[in-house]
Each structure stands twice: as C-alpha cells, then as structure tokens.
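# Coordinate analysis (summary)
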Amino acid sequence: MIDQSPFRRSRTAEVLVKGRLSPSELAQRVGHSRRDFLRDAAGMALGTTLMGASPFVRGQTAAKRRKVIVITFGGGARDQETFAPEGQENIPYLMHQLIPQSSFFTQVTNHGILGHYVATASLTTGVYETLNNFSAIPPQHPTVFEYFRKDLKRPPSDAWVVAPSNGFNRIGESECRSYGPGLGARVVLPKHLLSAATSGNTTDYEHLLRDNYENPLYVPQIGGSEFELQQLETILKLSVDDFRAHARTVSSPDELSVYIAKRLMQKESPSLLWITMHDIDIAHTGAYSLYIEAIQRTDRLCAEIWKAVQSEPEYSGNTTLLILPDFGRDADEDPGGNGFQHHRTGDAASRTTWMIAMGAGTRPGVVYDSPLQSIDLVPSLGAMMGFSPTLSQGQPIKELL
Amino acid sequence: MLPSSLQAEQFAKYPPEARKLAAANLRALQQLPLSFLPGLLREVIDFDFKFPAERNAIEKELANLSSLSQAEANQWFQEFTQISLSSKLEHLDWVNQPGQFLEQESAYLWATHQLDAFRKAATDYGDRLRSTLLVEQIPVRRIGIAVIGQGVASYDGPLFRNLRKHGTYFRQVKPENGLELLLTVVADRAKAHPVPYGHWYVDGGQAVNHSSFMTCVQYRALEPVRVALLKYMQTEIGRPGMGPEELRTNLARLKPSDLGMKGGDPVLDRFQVKLFTEGSGTQIFSTTFAQWTAREALRRAQPLTLLVRFAPRQRQRPMNELLSGSPGNPDLDFTGSLIDADMAAYYQWINQQRLPGSEQSSFIVWFEDHSQALAIAPSLPRGAVSNSVIDLGELLSLVIS
C-alpha cells in the first residue's frame, strides 16, 4: 500500500528535529553511524584502507563453480533494533558470526518505491521498477536470473527464488521481450507448497499462511496446485507427509522458506539462489515485540543458511552470500510516520540500509562507507558471475570487483 | 479541472460548515497548485467533524492563505508548482473526493520519483506556516501518562530505555492504588480546566471509573464496532477484483452509522471509526489500538492531559483466524504487550513533544502495580535515577507543579 503520509507533514508540528539535514546528509550520517557501531563492536577495518587487488582475481579459475546466494532481509529493519548498541542484542549471529567474516557496506540507499514486492523486483532487475506493489505481475525489466541464464546458457534448474507468496510468484522473470518467458528463475513459494500439501485444509498450519503485513487485514487467496506438489516430490524429493510433518515444527513462514532453500541446495544446487524473507514485516501490525522477535529469527536464519553453505559440498568454499534489507523503516522522529511500524515516509531511515557480502571473493572484516544504491546489486552480481546486465541502471560495486 | 477554475457551488456536497468555510476562502483556494490543494480540502471537507484544535488550525491556515498576494502565493508554493501531475489526476473529482485523489497522487509521486520533492515541499511549507502563525498559550502545562504492563507478574528486562535519558527513573514507587491516584489528579485537572476534548483517558481494555470531564476511548467498549468492521472487511475482501488499495478506499468512506454507532458524540464517533479504518493493526492488537489512539488524539485534538493505559493484547494468531472473528477468549501475551507498550509510551512522549508548549510539558510512564516509573518534567534531572519512596499521586504532583 502506498500511504499518504508525506501529505500530512505540512500540517504536523515538528519540534523535535532541529538543524534539519538534507536527505543525502541524513543518509550519510546513518551510514557512518553503522560503521562506528561495527568498528566498536567487531573491530572491523575501514575498507578504504584496504582497497587493492580484486578479491575475485584469485577466484576466476573457479568461476564456473561459483555460487551466489542473495538473502533479502525482508521487511526492513532499523539501526536501533539492529546495529546500534541497543539493538545489537537482537542480531547476535550477524554481529558475532557473520559480520566478522564479511565485507559490510554501511550505506545502501533505495531511491525507489518502498513496497516489498516492487522493491524486491527492483533489486532483481537493477532498475527502480514502478509496478503495482500488490499485483502479481512480472517486473518490467529483465531480472538477474534472465541475464544469468541467457548469457551463461544455464538451465532452469540453476536459478531459483524462494519467496513469500504475495505477488512474488512472478518475480522470476520479466515481461521484457528479449528475455522473459523461459529464461527466468524457478520460483518456489513455500506457502503455496503448504497449501497444496494440505489440500486446502490448513487448519493446523494457518500460522504459516499469513501474508501481506502491509495491510494485515487483507489476506489474498493462496492456491496450491498440482505443480506445487510436483515440485515437492520431483525436485525437492520430499514426500507430502514429511513436508507436512516438518511444517508443524516451524514457527514462521521464513523458517519454512529456509527449510525449502536448504532442501534446494541439497537437491538442485542452483548457482544463483535468491531467498526473500518476510517475517519482519509483522511490524506493520504495530506490535513492537513481534517485530523484535522477527529480527531475532531472521538473524538466526541467516546464520543457518551460512552454516548450510559450509556443510554442502556443492557450496562450501565457492559461495558468495549477500544479505541486504530491501529498505529500512520510518524513523521515530518523522512526524509523517509512526516509527518502526511502516516504511511510508521516504525519509532517510526508510531508504537507507546496509549490505553484507561474505564468502568467496570477499574481504572479511572490512567496512565500506561509500554510498551504494540497491540497484547496484545486479551489475555487481553480473561482474561476479560473468554475465552482462545491459538494461540495469545500477553500477557495479567496485569493492566487490 | 485545475484549482483556478474552482467555483463556490462545487462545494455543494460538503457538510454545512465545511461548505461555508470553503466558499468564504474561494479566492485563496483558486490560487493554490493542484499538487497541494486536495490535501487542504481533505481537511476542510471534514471540518464539521473536527476537534476544536483542528478547526482552529484550518481556519488559521486559510486566513493566512487569504492574506497572501498572488506574488506571495507564488513564492510560497513554488516547490509545489514544480511537481508535475498527470492529466488523469487533473480529471479526478478532487473537490468531492480529495482523499481518493491523494491516494492516487501519492502512487503517482512514488512511481515518477517525485516523492522526495513533494516531501521537501510539504516540509518547507509546514515550517513556513508555523513560523508565520502565532503560537497560542495553553492554559495549563501539558501532561502525558502511560500505564504499561497490566497483568505482568514480573519482568526482568530493562524498561523505559528510550526515555531514560530524558527524565528521572524512579525505582521505589509505591504501587498501591496507583491508577486511582493518577485518575484522581487527572480528574482534578480536567475539572479545573474544562477545555473541550482537552483531557483524555484511553484504555486498551476496559476503562475504570473516571471523571465525566474526560474524553474516554476504550477498546473493550468498541468491540461491536470492531466486529462489524471485520465483518465488512471479510465481505469486501471476498468481492472479485478487490485489492488492498480498493479496500482502503472503501474503508475511508465508512461512517459511524455504517458500523452500528448511534446517538453518540459525532466528532468522537468519527474519530473512533477512523482509528479502525485508518490504523494498521488497531483491529487486531489492543496495544496497537492504544498507541495509535494516543498518537491520533495528540495530533488532532492536542489534549492538555492524556492518560493511556495499555492492556494485554491477544497472542499473535494467524490472520485468517483473526479475520473470521472466531469466538472464545484468545490467549493473552502479557510480556509481549509490556514490550509493545514500553515502545508505545516512547512514541506517546514523542508525539506530545510535537505540540506547542513542549518545553514545559511533563510525562510519566509507570509499570502498573510495580515500583518502576519514569518521569520527565522541566524540574526533574535527565538521565537520573531516584530511590525516593513515592506514590503515584505524589509523583504526578511533582511533575506538574
């Protein structure tokens, strides 16, 4: 949903913000704060002092085997609940396990529409998409999956998306004529799988089926079909009974997504795997404790995926993992918003996020302050994996080249 | 149609007082840009159902606009005139449906990457308006009170973390009869300063006995309204083609009588309906309802006194189950509700500080039936801890003295 909150600003007194900074200054300040937090907490080095030869040079011989996993830390999380001193308790796995091994980019700005589907679509295309956030329609520009498969002549099984069910079933491939149908990623929607596996009788599993936190009272129909069941049995090699049994043990949709992602890694070993988390977006209901719990869960799940990378022979040693939120959430002080609850104001806190790059070809323990845009991800993946995202409007991240 | 073509008869469908107000300020309205005017008309069209503080603000804003020469108006609205809108937007009935216009304008601004420019224009306009208008003295120092943690037997986590640096943390408060003591002092204030909608008591559960001089909003009493709304939403969601944005538009049209409210205060009834139709999560969680009510009461009615008592919310349940409004007493999440309310108290203080007289205002948050409280007042040190043994009545007297 696109909110009208900016319209409220003109008639809302604002006495808290004094000496107002420009949006770019604010974004920079947010980014620098993250660097300071990390420097204090993890003793990481500042990237500009370490710039030198490309970390990917040594990896080129193994380029054919390279795997890339992208996790969008979906739903947006703010500094004060994550990297700020008071928030670090919520992300122990990121802070103590993943970030010390990673290159951390402190300032990733999303200049596009702050809705989850459209923002994730923009991340996959490298163009700020303008599609309706609530419609199940494909991105207008070619996705990273299409560039990857077409340029490198990879089979459909080599690019997968695991995503929440809200519209994301069309995220695998665009409507672009020169790419599009047949060249995209396979998309698995765990909630669709669950719906199919329970034949619509979801009484025991309803806690996993909620969707679209942006408007918590709107629940789109989730339809499972034969195709989903085939995915379960032929691709994931998972019986319906086993899947159902496992679903009963997980507490959230993202846990189910990670279970499916790990299964895909075992059975299909895709070279490009994109996992979109969504639990954090429960913040839209206004319950702060649930938002915090979701951050803690997502933190744990990111570490779980990294652990799976280490334990899977196909991935161990040759995988680059990228973790980034699709965007942030509104600042407490912005009178046009309601703090953590939404991401509607377009303020610096809602647009500015971070990115973790770890594993093959990255420099561990380095913090980079240089400003990036979220659309820079696709050209960077192109540079890493050897394809040309010609229609992307972002720039390759030089620190990853 | 553009604003310059506005005629008085086009306000014929407005409620009486709104119609009169718009017609009286026609010349001023005609010179406003389309990117701005519907935002103002959205306020004007509801004038008959506005709180006194809102009416006062609208009248002052219109008086200021009427006082501007054409050259001055051009200067004031230069940034808004640079926003480009589509011809489709120009053809909408923005006079009679300003809210719908704003939804579409908002979507258009996001899609055309003009949101940041609009945001800046709105902020600059608001700053300029505030610097032009005289701030009226309020008759008594403003005070906010948050009572959190109802029903929580014990909690070891830190409380009031966001507020501690702004006030004094009392750790030996006598909890006996705390709520009654607070309500007694508040009632005395309401009686001594009988300002319409000037003294509020919001309860996230069932309100306790309170002074008739206070405006009371309570979650429990609104249960029939909430149930009627959920039923309406279920019906709407089931209609073909219905999406979140259409649903939101339809919700915005609901009147108190549509949800079974009869014979009450029309201003307060409209306010309460909007809490459910415009709030996100207010329909589900009582903690969110109380937080959003406090925010909207402060933003709109600008009360001199606001006491918000949070009640335990229901445990997070699957959205489908919640939507169906299934009978029975749901489990309560006491600790989660305390954490929600702790953050909500911080937001209550932030929103209070946006109002005139903030430098003299006071705030108390108390962990109900426990000995922890935090008080913010001009007379109290910031970031301090007090071991004074004090009851709630004495503490309140201390901050308002």
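Residues numbered from 1 in each chain as written. Chains lettered and ligands numbered in written order. Predicted model: local features only at pLDDT ≥ 70, side-chain atom pairs only at ≥ 80, totals over all residues.

Our focus in this paragraph is the pairing of strand S4 (residues 159-162) of chain A. Residues and elements named next belong to chain A. With burial as the criterion, each face of S4 is covered, one bearing Ala159 and Val161 and the other bearing Trp160 and Val162. For S4 and strand S6 (residues 272-276), the ladder comprises 4 bridges, and the chain directions are parallel. Paired with Trp160 across the bridge in S6 is Leu273. (Buried ≥ 20, exposed ≤ 12 C-beta atoms within 10 Å, placed from the backbone. Helix = DSSP H or I, 4+ residues; strand = E, 2+ residues; numbered from the N terminus. Pairing = 2+ DSSP bridges.)

It is worth spelling out the domain arrangement of chain B at this point. All names here are of chain B. Domain annotation for chain B reports domain 1 (3-132) and domain 2 (143-400). Each of domain 1 and domain 2 has a C-alpha centre, and the two are 31 Å apart. Across the boundary between the two partners, domain 1 contributes 8 residues, which contact 11 residues of domain 2. For the side of domain 1 that touches domain 2, the secondary-structure elements that each account for two or more residues are helix H4 (52-67) and helix H8 (98-111). Of the residues that constitute the side of domain 1 that touches domain 2, the class distribution is 4 nonpolar, 2 polar and 2 charged. (Domains from an automatic or database assignment. Contact = placed C-beta atoms within 7 Å. Nonpolar A, V, L, I, M, F, W, Y, C, P; charged D, E, K, R; others polar.)

All names here are of chain A. Running from amino to carboxyl end, helix H6 (residues 190-197) crosses helix H8 (residues 240-247) at an angle of 115 degrees, the nearest separation of the two axes being 10 Å. Read as a crossing pair, H6 and H8 show a hand that is left-handed. Every residue of H8 that contacts H6 at Leu193, Leu194 and Ala197 is listed here: Val240, Phe243, Arg244 and Ala247. A per-class count over the contact of H6 with H8 returns 6 nonpolar, no polar and 1 charged. (Axes fitted to C-alpha atoms, helices over the stretch in contact; angles between N-to-C directions. Left-handed = near helix turned anticlockwise from the far one by under 90°.)

Moving on to the environment of Leu194(A). Residue and element names in this part refer to chain A. Tracing the backbone shows Leu194 in helix H6. When the 25 C-beta atoms within 10 Å are taken as the criterion, Leu194 is described as buried. Here the alpha-carbon distance between Leu194 and Val240, two residues 46 residues apart in the chain, equals 9.0 Å.

In this section: the pairing of strand S3 (residues 102-109) of chain A. Residue and element names in this part refer to chain A. Burial analysis of S3 places 8 of its 8 residues in the buried class, the great majority of the element. Pairing of S3 with strand S8 (residues 352-359), which is carried by 6 bridges, proceeds in the antiparallel orientation. In the sheet register, Val108 faces S8, and the bridge partner there is Thr353. Relative to strand S9 (residues 366-368), S3 is paired through 3 bridges, and the arrangement is parallel. Paired with Phe105 across the strands is Tyr368, a residue of S9. Taken together, the 2 bridges between S3 and strand S10 (residues 372-373) define a ladder with parallel strand orientation. When the bridges of S10 are listed, Thr109 appears paired with Gln373.

This part takes up unusual backbone geometry. Residues and elements named next belong to chain B. With a phi angle near 60 degrees, Phe160 is a residue other than glycine that sits in the positive phi range. Take Phe160: it is sitting in the loop between strand S1 (143-148) and strand S2 (168-170). On the basis of neighbour counts, which here come to 22 C-beta atoms within 10 Å, the residue Phe160 falls in the buried class. Of note, Tyr197 is a non-glycine position whose phi angle comes to about 55 degrees, a positive value. As for its placement among the helices and strands, Tyr197 is situated in the loop between helix H10 (178-192) and strand S4 (199-203).

This part is about helix H13 (residues 266-278) of chain B. All names here are of chain B. An ideal rise of 1.5 Å per residue puts 18 Å on 13 residues; H13 measures up with 17 Å between its terminal C-alpha atoms. Residues of H13 that are buried: Val267, Phe271, Gln272, Val273, Lys274, Leu275, Phe276 and Thr277. Lining the buried residues of H13 we find strand S5 (215-218), helix H11 (223-237), helix H12 (244-252) and helix H14 (286-301). (Expected span 1.5 Å × (residues − 1).)

Residue and element names in this part refer to chain B. Taking 1.5 Å as the rise per residue, H14 with 16 residues should run 22 Å; its terminal C-alpha atoms sit 21 Å apart, in good agreement. Within H14, 14 of the 16 residues are buried, which leaves the element mostly enclosed by the surrounding structure. Taken from the residues just after H14, Gln302 is the one with a positive phi, measuring 50 degrees.

All right, on to the sheet that holds strand S10 (residues 373-376) of chain B then. Residues and elements named next belong to chain B. Read from one edge to the other, the open sheet built from 8 strands follows the order S5-S4-S6-S1-S9-S10-S2-S11, with strand pairing classed as mixed. Looking at the sheet topology across the chains shown, the edges are occupied by S5 and strand S11 (384-386). Direction aside, the axes of adjacent strands within the sheet are offset by 15 degrees on average. Pairing geometry for S2 and S11, over 3 bridges, is parallel. Looking across to S11, one finds that Phe170 is bridged to Ser386. Each of S1, S4, strand S6 (305-309) and strand S9 (362-367) is contacted by H10, which is oriented at about 155 degrees to S6, the strand it contacts most. Helix-sheet contacts for helix H16 (residues 334-353) involve S1, S6, S9 and S10, and the interaxial angle to S1 is about 175 degrees.

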